[in-house]
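# Geometric and topological summary
Here is what each chain is made of, one letter per residue.
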Amino acid sequence: MGYIYRLVPKPPKKDFFKWVDQQICLRFTAVFACPKPEDTHRSFILTYFLNDDSLQIYEPSNKNSGIWTGKFLERGSYKLANGEVVKPENLVIGQDVKINGHEFHLCDCDDFSKKWYAENTMWE
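All figures in this text were calculated on a predicted structure; none of them were measured in a lab. (Residues numbered from 1 in each chain as written. Predicted model: local features only at pLDDT ≥ 70, side-chain atom pairs only at ≥ 80, totals over all residues. Heavy atoms only, no water.)

## Focus on the pairing of strand S1 (residues 25-32)
A regular strand places its side chains so that they alternate between the two faces of the sheet. Applicable threshold: The criterion for strand pairing is that DSSP finds at least two bridges linking the strands in question. Strands are runs of DSSP state E lasting at least two residues, helices are runs of H or I lasting at least four, and both sets are numbered from the N terminus onward.
The sheet contact formed by S1 and strand S2 (residues 44-49) spans 6 bridges and is antiparallel. What sits directly across from Leu 26, in S2, is Tyr 48. In this sheet, strand S6 (residues 102-109) lies alongside S1 in antiparallel orientation, the contact comprising 5 bridges. By the bridge assignment for S6, Ala 30 is matched with Leu 106.

And the structure:
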């Protein structure tokens, strides 16, 4: 006979060692893949957090653009158009990534991300 100790279950515990070992984030610059004429000047920063496999998209401000900038997409786990969760293998410079209905073209990444990809032999 099973006993019920709580009416509201506790959330599952996160992998502590993965959290401590991989306090790393990969940063990419991106633009819309097929922009509307008014969106051609917009740029984005995609940040992928390795410790919990989450993704955040931020839009830096442009003077006098008339567009609200800041967080474009909250930090969380997102799926690609084919249904699989976004992983570092899916983030390749020069390719397009469709996240949450928006298609982004990845232009470049920071030096740390290039070094991390080179050490983990996932990307050329």
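## Examining the side chain of Ser 113
Operational definition: Each residue is assigned to one of three classes by its accessible area relative to the maximum for its type, calculated with a 1.4 Å probe on protein chains only: buried under 20%, partly exposed between the two thresholds, exposed over 50%. N or O atoms within 3.5 Å of each other form a polar contact, as long as, within protein, one can give a hydrogen and the other can take it, and as long as residues adjacent in sequence are counted only when both atoms are side-chain atoms.
Tracing the backbone through its elements, the reader meets Ser 113 in helix H2 (residues 111-120). Its relative accessible area of 0% is what places Ser 113 among the buried residues. A distance of 3.1 Å separates a polar atom in the side chain of Ser 113 from the backbone nitrogen of Arg 27.

## So, the pattern of salt bridges
Where charged atoms of side chains with opposite charge meet at close range, the side chains can pair. Here is the rule we go by: The salt bridge definition used is simple: a Lys or Arg side-chain nitrogen within 4 Å of an Asp or Glu carboxyl oxygen.
Under the criterion given, the structure shown has 5 salt bridges. Among the salt bridges present, the one from Arg 42 reaches Glu 59, with a minimum N-O distance of 2.8 Å. Of this pair, Arg 42 sits in the loop between S1 and S2 while Glu 59 sits in strand S3 (residues 54-59); the two residues are 17 residues apart in sequence, bridging distant segments of the chain. Just as Arg 42 is buried, Glu 59 falls in that class too. Note that Asp 108 is salt-bridged to Lys 114, the shortest N-O span being 3.4 Å. Among the residues examined, Lys 114 registers a relative accessible area of 36% and is labelled partly exposed. A cluster of three or more residues bridged by salt bridges with shared partners is formed by Asp 39, Arg 42 and Glu 59.

## Let's talk about the nonpolar core
What counts, and what does not: Definition used in this section: a nonpolar core is a set of buried Ala, Val, Leu, Ile, Met, Phe, Trp, Tyr and Cys residues joined via side-chain atoms within 4.5 Å. In this analysis, two residues are considered to be in contact whenever any of their non-hydrogen atoms come within 4.5 Å of each other.
Core analysis: the largest hydrophobic core is formed by 23 residues, its most contacted members being Leu 26, Phe 28, Leu 46, Tyr 48, Leu 91, Ile 99 and Leu 106. Only S1, S2, S3, strand S5 (96-99), S6 and H2 provide two or more residues apiece to this core. Broken down by element, this core gets its largest block of residues, 4 residues, from S1. Setting aside anything within four residues of it in sequence, one finds Tyr 48 in contact with Ile 24, Cys 25, Leu 26, Asp 53, Ser 54, Leu 55, Val 86, Lys 87, Pro 88 and Leu 91.

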